[in-house]
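Architecture at a glance
One-letter residues, chain by chain:
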Amino acid sequence: MKFGTKVIHAGLEPDESTGAIMTPIYQTSTYAQRVPGEHKGYEYSRTQNPTRHALEKNLASLENAKHGLCYSSGMAAIDSIVHLLEPGDEIVSTNDLYGGSFRLFRGVYEKFGIKSHFINLSDIDALQQSINEKTKLIWIETPTNPLLHVFDIQKICEIAHQKNILVCVDNTFATPYLQTPLDLGADLVVHSLTKFIGGHSDVVMGAIMLNDDSLQEKLAFYQNSCGATPGPQDCFLVLRGIKTLHLRVQRHSENGKTIAEYLANHPKVENVFWPGLTDHKNHELAKKQMKDFGGMLSFRVKGADLQATFDLVSKFKLFTLAESLGGVESLAGHPATMTHASIPKEMRDAYGISDNLIRLSVGIEDVEDLVEDIANTLS
Ligand code: P1T
C-alpha cells in the first residue's frame with residue numbers, strides 16, 4: 001500500500017458492530033468480563049483501548065513498523081524510551097534538539113545516573129569519541145529543532161549497531177511522509193503527534209514505532225506501568241488528522257520553499273536554515289534521505305539584538321507567536337526564550353541558538369499572504 005492509501009486505510013476497518021466507517025471513540029475506562037479473565041481483549045483503558053489500538057496500528061504502518069505505541073505527549077513517549085536504560089548507562093545525542101528533550105535527559109535522568117552527551121552528530125569522529133562501553137542509546141533528531149541540521153541516519157546506525165547501541169530517531173519535523181528512519185536501520189522512531197501528524201493544533205500526544213518484539217514488550221510494560229496513555233477522544237482527533245498528512249506535508253513543503261527562498265534573498269536576513277536550500281550544508285544528504293524538505297525553517301535577523309528580535313517576532317499578523325509547530329496555521333517562535341529556554345545560555349550560544357534566531361512553522365495557507373506578512377514585518 002502506498003502512503004496516501006495507508007493514511008486512510010491502514011489498520012482501520014469499519015466498526016464490526018455497526019459498520020461505522022470512522023473508528024468510534026470508545027469512551028470507556030473499563031470492559032465487562034464474563035468470568036474473571038474472560039474478556040474480548042480489553043480489560044482496562046490504560047492498558048488497552050480500541051480507538052488507541054486503531055491509531056497505533058495506523059501509525060506503525062506509516063513508519064513501516066511492526067508495532068506502534070501511543071502516549072499522552074511526545075515527552076511521555078521519549079521518557080518511556082529512556083526507561084529502557086539502567087543507572088550508569090549513557091546517551092549520546094545531538095547538540096541541537098528540542099529543549100524539552102534536553103531538559104528530560106539532563107534535568108531528570110542525570111540524577112538517576114544516566115548521563116547524556118550532546119554533540120554534533122555530523123562529526124563522525126566526535127561520535128566515535130563520545131561512545132564508550134556505557135553508551136546504550138544514540139538519540140537523533142533530523143531535521144533538528146530549531147536549526148534544521150540533517151544527520152545521516154544510516155551511517156550513525158551502522159556505527160551504533162557495531163557496538164550494540166540502540167538508535168532512536170525523533171521524526172517529528174520530517175514526519176513519516178518525508179522519511180522513514182526504521183528503513184534506514186533505526187531501532188525506534190518517536191513522534192510528537194501534537195505536530196504535523198495530528199496537524200491541527202488541537203491535541204497533545206506522542207508515539208513510538210518499532211519492529212523488535214522484545215523491545216515492544218518492554219515498552220508496553222512501561223506504558224501500562226507508568227500510565228501516560230492518551231484518551232480515546234484525542235486518539236480519534238489524531239486519526240482524523242492523519243488522513244490528510246500527505247497532502248498537508250506536500251503543501252507545507254511547497255510553502256516552506258517559497259518562504260525560505262524569499263528570506264534567503266532578503267537584505268535584513270543574515271542566514272536561513274532550511275534543508276531544501278542548495279547552500280544548506282546538509283542539502284545533498286537531505287535530498288537523499290528525505291522525500292521533500294518540509295515546512296520548518298529558521299532564520300537570523302541581521303544585526304538584531306534580543307529586543308529588536310522580540311519586536312519583530314511579535315509583529316507578524318498571520319504567523320502567530322506561539323510554541324509548537326506542524327499545524328495547518330503558520331506559527332512563529334523565538335527559540336532562545338521559548339522552546340529552548342531550558343538549555344543554558346552559554347550552550348545555546350555555542351550551538352547557534354542565538355538571540356536573533358526566529359523559527360517559523362510554515363502552514364498551509366496561501367503562500368502569497370504569508371510572504372506579504374513577512375515582507376511587512378521585516379520592513
Ligand atoms: O510537546 P510534546 O507533544 O510533548 O512533544 C515534545 C517534542 C518532541 N520532539 C520534538 C522534535 C519536539 O519539537 C517536541 C515539542 N516541541 C515544541 C513544543 C516546539 O515548539 O518545538
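What you are looking at is a predicted structure, and each value in this text was computed from that prediction instead of being measured.

Quick look at the site of the ligand
Close to the ligand lie 18 residues, the nearest being Asp-170, Thr-194, Lys-195, Ser-324 and Arg-359. Separating an oxygen atom of the ligand from a side-chain N or O atom of Thr-194 is a distance of 2.6 Å. Between an oxygen atom of the ligand and a main-chain N or O atom of Ser-324, the distance comes to 2.7 Å. Expressed as a share of its isolated accessible area of 470 Å², the protein-covered part of the ligand is 93%. Using a 2 Å cut-off from the grid points, one finds that the ligand occupies the second largest pocket. A per-element tally of the shell around the ligand places helix α3 (residues 74-82) first, with three residues. By residue class, the composition of the shell around the ligand is five nonpolar, eight polar and five charged. Looking at the shell around the ligand, you find at least three residues from each of domain 1 (3-242) and domain 2 (245-378).

Section: the domain arrangement of the chain
Domain parsing of the chain yields domain 1 (3-242) and domain 2 (245-378). Contacts between the two partners involve 45 residues from domain 1, matched on the other side by 43 residues from domain 2. Regarding the contact of domain 1 and domain 2, the summed buried area is about 3500 Å², with carbon and sulfur atoms giving 64% of it. Interface area lost by domain 1 to domain 2 is led by Tyr-177, Leu-178 and Phe-196, which between them contribute 21%. Linking domain 1 to domain 2 there are zero salt bridges. Where domain 1 touches domain 2, the interface holds 18 residue pairs in polar contact (both at pLDDT 80 or more). Elements with a minimum of two residues in the side of domain 1 that touches domain 2: α1 (3-9), α4 (99-108), α6 (153-162), α7 (175-178) and α9 (232-242). Sorting elements by how many residues they give to the side of domain 1 that touches domain 2 places α4 first, with five residues. Each residue belonging to the side of domain 1 that touches domain 2 can be placed in one class, and the counts come to 23 nonpolar, 17 polar and five charged.

Structural notes on empty space enclosed by the protein
Considering all chains together, one arrives at one cavity of 30 Å³ or more under this definition. Taken as a whole, the largest cavity holds about 30 Å³ of empty space. Together, Pro-143, Leu-148, Phe-173, Phe-293, Gly-294, Gly-295 and Met-296 line the largest cavity. Within the lining of the largest cavity, the residues separate by chemical class into five nonpolar, two polar and no charged. Here the lining of the largest cavity gathers at least three residues from each of two domains, domain 1 (3-242) and domain 2 (245-378).

Section: the sheet that holds strand β6 (residues 188-192)
Strand order in this open sheet of seven strands is β1-β7-β6-β5-β4-β2-β3, and the pairing throughout is mixed. Taken across any chain shown, the strands that pair with only one partner, and hence form the sheet edges, are β1 (67-71) and β3 (115-119). On average, each strand axis in the sheet is tilted by 20° relative to the strand beside it, whichever way the strands run. Across the sheet, helix α2 (residues 50-62) is in contact with β1 and β7 (206-210); its angle to β1 comes to roughly 130°.

Focus: the pattern of salt bridges
In total, this model carries ten salt bridges according to the counting rule given. The shortest N-O distance in the salt bridge between Glu-38 and Arg-34 comes to 2.9 Å. For Arg-34, a relative accessible area of 67% corresponds to the exposed category. In this structure, Lys-66 and Asp-213 form a salt bridge, with 2.8 Å as the shortest nitrogen-oxygen distance. Placement of Lys-66 in the loop between α2 and β1 and of Asp-213 in helix α8 (residues 213-226) is noted, with a sequence separation of 147 residues between them. By relative accessible area, Asp-213 is classed as partly exposed at 39%. Three or more residues joined by partner-sharing salt bridges are found here, namely Lys-345, Asp-349 and Asp-355.

Thresholds, definitions, all that
Position numbers for residues count from 1 along each chain, tracking the sequence in the order it is written. Only residues with pLDDT of 70 or above have their local features reported here, since the model is predicted, and side-chain atom pairs are shown and tallied only from 80 upward, although totals for entire chains, interfaces and linings are computed over all residues. Heavy atoms from the whole structure form the basis of all side-chain values; hydrogens and water molecules are not counted. Throughout, near means a residue has at least one heavy atom within 4 Å of the molecule or strand. Two N or O atoms form a polar contact when they lie within 3.5 Å of each other; inside protein one atom must be a possible hydrogen donor and the other a possible acceptor, and for residues adjacent in sequence the pair counts only when both atoms belong to side chains. Residue exposure ignores everything except the shown protein chains as possible cover, and the areas themselves are Shrake-Rupley values with a 1.4 Å probe. Only protein atoms enter the 1 Å grid, on which a cavity is a set of points fitting a 1.4 Å probe that cannot get out and a pocket is an open set with protein on both sides within 12 Å along at least 5 of 7 lines, lining residues being those with an atom within 4 Å of a point. More than half of a molecule's atoms lying within 2 Å of a cavity's or pocket's grid points is what places that molecule inside it. Counting from the N terminus, the helices are the DSSP runs of H or I reaching at least four residues and the strands are the DSSP runs of E reaching at least two. Side-chain classes are defined by residue name, with Ala, Val, Leu, Ile, Met, Phe, Trp, Tyr, Cys and Pro counting as nonpolar, Asp, Glu, Lys and Arg as charged, and the others, Gly among them, as polar. Annotation comment: domain bounds sourced from an automatic or database domain assignment. A contact between two residues is defined here by any heavy atoms of the two lying within 4.5 Å. Put simply, buried area is the surface a 1.4 Å probe can reach on two separate parts but cannot reach once they are joined, added for both. Any carboxyl oxygen of Asp or Glu that lies within 4 Å of a side-chain nitrogen of Lys or Arg is treated as forming a salt bridge with it. Grid points are joined across faces, edges and corners, and a volume is the space filled by probe spheres set on the points. Here the rule is simple: two strands pair whenever DSSP picks up at least two bridges between them. Here, axes are lines fitted to C-alpha atoms. For helices the fit covers the stretch in contact, and angles between N-to-C directions go from 0 to 180 degrees. Working definition: with a 1.4 Å probe on protein chains only, accessible area under 20% of the residue-type maximum means buried, over 50% means exposed, and in between means partly exposed.

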